[in-house]
Amino acid sequence: MNPTQMAKQPVSGASYFLRGFSLMFTPGIRRFVIIPLVVNLLLMGTLIGVVLSQLSDWINGWLSYLPEMLNWLSYVLWPLLTLAILVICSYFFSTVANWIAAPFNGLLAEHLEAKLTGKRPPDDGITGIIKDLPRVFKREWQKLAYYLPKALGLLLLMWIPAIGQTLGPVLWFLFSAWMMGIQYCDYPFDNHRVSFPKMKATLRDNKGSTMSFGALVMFFTMTPILNLFVMPAAVCGATAMWVDKYRGNLARY
């Protein structure tokens, strides 16, 4: 596949994510997928076990806070709270996985970008990964600092009987979709030293693509089996979106 064919633009952010599943098996790229894939397999496998064993107890405990006169709402809140728990747990495990695999996700994005653009890939090896660790983890802290206050606000909202438990899961999903877009699009942006505020502003200007990409990532992250392959596919899809939509104005090389 030549660079022109590989750079053909999908029509939406969601289609970039789906394209990531084929890009991760591109010759010359597969070896950079192995570590992110193993990290995701281990953590998402743990997620499936924890959620399936505790889901019913968590939801019943939460519904016990409903006033007796609103017990009828439990039939409506069960699926909403199931969604909320899946979103929260999926995002938590995804965040941990991305912290562990961040240097390797950046390397995957870097080499895939070189493949997509027909340029010579960087050849820094393990020395380059070690040298970049402080910058990579500083960036992860920036994402966490952006996420936590908003996440805590949404958690507090969900403790409000009826209203919070109805709106909370929906708002959680939308916010998590936005954060998934930020999380994975950040790898190619950070490779080019685009600042975190600049990256956020750029993605906000293209919010439709960012949200549709992140929403599909979130959906796959909540889906057993499929969630095992989300991380490398999302990195590849986000890198393809960077090449098509943002690289021309923001690339440093």
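Reading guide: rules and limits
- Residues numbered from 1 in each chain as written.
- Predicted model: local features only at pLDDT ≥ 70, side-chain atom pairs only at ≥ 80, totals over all residues.
- Heavy atoms only, no water.
- Salt bridge = Lys/Arg side-chain N within 4 Å of Asp/Glu carboxyl O.
- Helix = DSSP H or I, 4+ residues; strand = E, 2+ residues; numbered from the N terminus.
- Buried < 20%, exposed > 50% of the residue type's maximum accessible area, 1.4 Å probe, protein only.
- Patch = residues over 30% accessible without salt bridge, like charges linked within 9 Å, V, L, I, M, F, W, Y side chains within 5 Å.
- Areas by Shrake-Rupley, 256 points an atom, 1.4 Å probe, with all protein chains shown as cover.
- Phe/Tyr/Trp six-rings, centres within 6.5 Å; stacked < 30°, edge-to-face > 60°.
- Lys NZ or Arg CZ within 6 Å of the ring centre and 35° of its normal.

Caption draft 1: Main features of the pattern of salt bridges. Inspection of the entire model under this criterion finds seven salt bridges. Residue Arg135 pairs with Asp190 through a salt bridge whose shortest N-O separation is 2.7 Å. One end of the pair, Arg135, is in helix α5 (residues 125-158); the other, Asp190, is in helix α6 (residues 163-191), with 55 residues separating them in the sequence. The partly exposed category is assigned to Arg135, whose relative accessible area is 21%. Here the salt bridges do not stand alone but share partners, grouping Arg135, Arg139, Glu140, Lys143, Asp186 and Asp190 into one network.

Caption draft 2: Molecular detail of a nonpolar patch on the surface. On the surface, a nonpolar cluster with roughly 510 Å² of combined accessible area is contributed by Ile160, Ile163, Leu167, Val170, Leu171 and Leu174. Judged by relative accessible area, Leu167 falls into the partly exposed class, the value being 46%.

Caption draft 3: Looking closely at the packing of aromatic side chains. Here the structure, examined in full by the defined rule, presents eleven aromatic pairs. Ring plane angle 5° and centroid distance 5.6 Å describe the contact between Tyr147 and Phe175, whose orientation is recorded as stacked. With a gap of 28 residues between them, Tyr147 in helix α5 and Phe175 in helix α6 connect regions that are remote in the sequence. Owing to a relative accessible area of 11%, Phe175 belongs among the buried residues under this scheme. Members of the aromatic cluster, connected to one another through ring pairs, are Phe17, Phe21, Phe213, Phe219 and Phe220. We note Lys143 situated over the ring of Tyr187; from NZ or CZ to the ring centre the distance is 4.9 Å. Above the ring of Tyr146, the side-chain terminus of Lys150 is found at 4.0 Å from the ring centroid.

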